[in-house]
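Report on the structure
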Amino acid sequence: MLSSASEDRRQQLIQRAGLLTIAVNLGLTAARAAAGFLSGSTAVLADAANSGTDVLATLVVMGGSRIAALPPDWNHPYGHEKAEPVAAKLVGMIVAFAGLATAAGAVRALRAGAEPVGLAAAAVTALSIAAKEALARYLTRLGRRLGSQAVLADAANQRTDVLASAAALAGALGGRFGLPILDPLMGLLVSALILRMGLGLYWQAVRDLMDPAPEPATMAAMRRAALRVPGVREVGELRARVFGPGIYAECKVSVDGGLTVAEGHRIGKRVKEAILQ
């Protein structure tokens, strides 16, 4: 587990990243909505709705991270760390719902027919692609550095927007150059991308909540570390689970039966220190 100081720093970084993500998405929502209404682009309006949903998703991530940092209490003696994958799961649900709503709007536009789209929509969408890609890379680096499932889920959400915006850009240009039907079709593609990502985030969060084991190489390294401790005769049961930024392990070792209980405890502490290293 992280020390109190490390956890405080981790929370500062996550909250700072969340505020930056919200600011970027609010700006993109306003720009996309204006361009979409002025140009009549269904795909760009769908993109704007997705950016608005991203704000809600980031708020969920920030809230889940704050809850996960709370210390153990009488009702949660093992802490609140699972709040992060729960937040990631909620992000997946939010994204999937946005995908379904986007698909419904695109189908309505497809039935009603599409209007040619101006270049303003294309320019705003191209700008959003660059902004979202930069944001996705930043969040991915931070999420991996901190071992935060929730931040990685938010990063994947931003990366999906890059693909969705590229589809929206193709729709806007198609409408401008004589293929207006391409706009609602791209709206459908955007919705499929959003829905796929939402379901993927949801499933990954479910897997994280089921406490997966570390890689076999990591388990072997922990066993070797325990065996190298002086006084350890044998390493019996070794169980571990990956959760967030850490690995939680349980290890049973055999020592000389002639040792005192205090000596056995000292060896056990050295085994713990060896595994932690």
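These numbers come from a predicted model, not from an experiment.

Rules and cut-offs
- Residues numbered from 1 in each chain as written.
- Predicted model: local features only at pLDDT ≥ 70, side-chain atom pairs only at ≥ 80, totals over all residues.
- Heavy atoms only, no water.
- Helix = DSSP H or I, 4+ residues; strand = E, 2+ residues; numbered from the N terminus.
- Buried < 20%, exposed > 50% of the residue type's maximum accessible area, 1.4 Å probe, protein only.
- Contact = heavy atoms within 4.5 Å.
- Areas by Shrake-Rupley, 256 points an atom, 1.4 Å probe, with all protein chains shown as cover.
- Phe/Tyr/Trp six-rings, centres within 6.5 Å; stacked < 30°, edge-to-face > 60°.
- Lys NZ or Arg CZ within 6 Å of the ring centre and 35° of its normal.
- Polar contact = N/O pair within 3.5 Å; in protein donor to acceptor, adjacent residues only side chain to side chain.
- Salt bridge = Lys/Arg side-chain N within 4 Å of Asp/Glu carboxyl O.
- Core = buried A, V, L, I, M, F, W, Y, C linked by side-chain atoms within 4.5 Å.
- Patch = residues over 30% accessible without salt bridge, like charges linked within 9 Å, V, L, I, M, F, W, Y side chains within 5 Å.
- Expected span 1.5 Å × (residues − 1).
- Arc of directions from axis to C-beta.

A few words on the overall build of the protein chain. The number of helices and strands found in the protein chain is eight helices and two strands. Mapped in sequence order, the helices and strands of the protein chain form the string α-α-α-α-α-α-α-β-β-α. Scored against the burial criterion, the 277 residues of the protein chain give a buried share of 43%. The contacts of the protein chain with a sequence gap of at least 6 include a subset with a gap of at least 24, amounting to 71%. Approximately 14500 Å² of the protein chain is accessible, and the part contributed by carbon and sulfur atoms is 64%.

Each pair of aromatic rings is reported with the distance of its centres and the angle of its planes. Taken as a whole, this structure holds zero aromatic pairs when the rule is applied. Across the ring face of tyrosine 248, the terminal group of arginine 241 is positioned such that the distance to the ring centre comes to 4.8 Å.

Looking now at the environment of glutamate 84. Following the sequence through the fold, glutamate 84 ends up in helix H3 (residues 83-112). Classification of glutamate 84 by relative accessible area gives buried; the value is 3%. When the C-alpha atoms of glutamate 84 and serine 65 are compared, they prove to be 5.6 Å apart, with 19 residues separating the residues in sequence. If we skip the residues at most four places from it in the chain, glutamate 84 touches Arg10, Ile14, Gly64, Ser65, Ala68, Ser148, Gln149 and Ala150. There is a polar contact of 2.9 Å between the side chain of glutamate 84 and the side chain of serine 148.

Enumeration over the complete set of coordinates arrives at 10 salt bridges. For glutamate 84, the salt bridge identified is with arginine 10, shortest N-O distance 2.9 Å. Residue glutamate 84 is located in helix H3, and its partner arginine 10 is located in helix H1 (residues 4-39); the two are separated by 74 residues in the primary sequence. Glutamate 250 is paired through a salt bridge with arginine 239; the nearest N and O atoms lie 2.7 Å apart. Separated by 11 residues along the polypeptide, glutamate 250 in strand S2 (residues 246-254) and arginine 239 in strand S1 (residues 234-243) bring together distant segments of the chain. Here the salt bridges do not stand alone but share partners, grouping Glu237, Arg239, Glu250 and Lys252 into one network.

The biggest cluster of nonpolar side chains holds 26 residues, and the ones touching the most others in it are Val91, Leu139 and Leu201. Those elements that place two or more of their residues in this core are H1, helix H2 (42-68), H3, helix H4 (119-146), helix H5 (149-176) and helix H6 (182-209). The next biggest cluster of nonpolar side chains, apart from the first, holds 13 residues, and it includes Met219, Ala225, Ile267 and Ile275.

Moving on, we come to a nonpolar patch on the surface. A contiguous nonpolar patch, built from Val86, Leu90, Met93 and Tyr202 and spanning about 330 Å² of accessible area, is present on the exposed surface. Broken down by element, the nonpolar patch gets its largest block of residues, three residues, from H3. Tracing the chain through its elements places tyrosine 202 in helix H6.

Right, let's talk about helix H7 (residues 216-227) for a bit. Between its first and last C-alpha, H7 extends 17 Å over 12 residues, near the 16 Å set by a 1.5 Å rise per residue. Within H7, the full set of buried residues consists of Met219, Met222, Ala225 and Ala226. Along the axis of H7, the buried residues cluster in a sector spanning 125°; they form a single face. For H7, the exposed residues set more than 90 degrees away from the buried face come down to Pro216 and Ala217.

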